[in-house]
Amino acid sequence: MEYFLYKDKDDDGPKETVQYQDALRHVNHSKNAQLRDLFPNGIGIHHAGMLRQDRNLVEKYFSKGFIKVLICTATLAWGVNLPAHAVVIKGSIDLTDFSDDLFFDFRY
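Fair warning: this is a prediction, and the values are worked out from it, not measured in the lab.

Enquirer: Let's hear about the packing of aromatic side chains: which residues, and what values?
Expert: The tally for this structure, following the rule as stated, stands at four aromatic pairs. The interplanar angle of 10° and the centroid separation of 5.8 Å between the aromatic rings of Tyr20 and Phe39 together place this pair among those described as stacked. Residue Tyr20 is located in helix α1 (residues 18–28), and its partner Phe39 is located in the loop between α2 (33–38) and β1 (43–46); the two are separated by 19 residues in the primary sequence. Seen in terms of ring centroids, Phe39 and Tyr61 are 5.8 Å apart; in terms of plane orientation they differ by 55°. Their pairing is tilted. Pair noted here: Phe39 is in the loop between α2 and β1 and Tyr61 is in helix α3 (residues 52–63), with a separation of 22 residues, a long-range link. For the pair formed by Phe39 and Tyr61, the shared burial category is buried. Grouping aromatic residues by their ring pairs yields a cluster made of Tyr20, Phe39, Tyr61 and Phe66.

Enquirer: Please give an account of the nonpolar core that cites residues and values.
Expert: By size, the foremost hydrophobic cluster in this structure holds 16 residues, and its most contacted members are Phe39, Val58, Tyr61, Phe66 and Ile67. Those elements that place two or more of their residues in this core are α1 and α3.

Enquirer: An account of α1 is needed here, citing residue identities and associated values.
Expert: Every buried residue of α1 is accounted for by Tyr20, Ala23, Leu24 and Val27. Seen from one end, α1 has its buried residues packed into an arc of 100°, which puts them on one side. Buried residues belonging to α1 abut α2 and α3.

Enquirer: How would you summarise the pairing of strand β2 (residues 69–72) if you had to cite specific residues and measurements?
Expert: Here β1 pairs with β2 via four bridges, running parallel. Bridge pairing in β2 links His46 to Cys72. In this region the chain leaves β1, passes through α3 and returns to the parallel neighbour β2; the handedness of that crossover is right-handed.

Enquirer: Any details on the side chain of Arg55? Residues and values, ideally.
Expert: Within the secondary structure, Arg55 is located in helix α3. For Arg55, which is buried and forms no salt bridge, the nearest opposite charge comes from Glu59, at a distance of 6.3 Å.

Enquirer: Lay out the side chain of Asp54 with the relevant residues and their values.
Expert: Secondary-structure assignment places Asp54 in helix α3. In this structure Asp54 is buried but unpaired, with Arg36 as the nearest side chain of opposite charge at 7.5 Å. Not counting the four nearest positions on each side in its chain, Asp54 is found in contact with Ser30, Lys31, Asn32 and Leu35.

Here is what the cut-offs are and how they apply
Residues numbered from 1 in each chain as written. Predicted model: local features only at pLDDT ≥ 70, side-chain atom pairs only at ≥ 80, totals over all residues. Heavy atoms only, no water. Phe/Tyr/Trp six-rings, centres within 6.5 Å; stacked < 30°, edge-to-face > 60°. Helix = DSSP H or I, 4+ residues; strand = E, 2+ residues; numbered from the N terminus. Buried < 20%, exposed > 50% of the residue type's maximum accessible area, 1.4 Å probe, protein only. Core = buried A, V, L, I, M, F, W, Y, C linked by side-chain atoms within 4.5 Å. Arc of directions from axis to C-beta. Contact = heavy atoms within 4.5 Å. Pairing = 2+ DSSP bridges. Right-handed = clockwise from strand over helix to strand, strands pointing away. Lys, Arg positive; Asp, Glu negative; His and termini not counted. Salt bridge = Lys/Arg side-chain N within 4 Å of Asp/Glu carboxyl O.

Purely spatial values, then, with no claim about function.
Structure follows, in structure tokens:
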């Protein structure tokens with residue numbers, strides 16, 4: 001679990017920067033208990049059932065690097081400009097391709 005904790009690029013330990021502490025304070029005011037519990041471990045969640053302000057926090061702190069692992073819907077993974085090292089999409093089907101093949105390359 002320590003692998004996912006926020007770390008500065010030049011530091012081997014968890015970073016206690018003002019920016020991170022500010023982010024932690026904002027997340028701790030969230031009504032989403034799962035988000036509050038996961039954030040200190042560098043993990044975030046994002047889905048349509050969340051409050052818009054919580055989704056905005058997750059997007060902001062993922063892009064800043066405070067969230068290292070983001071569990072989200074395929075819609076977010078495909079449609080939002082959040083840079084990621086790797087994206088794993090499980091159980092999604094692009095219904096715009098009506099060919100007989102079940103698996104195909106996603107084209108954008």
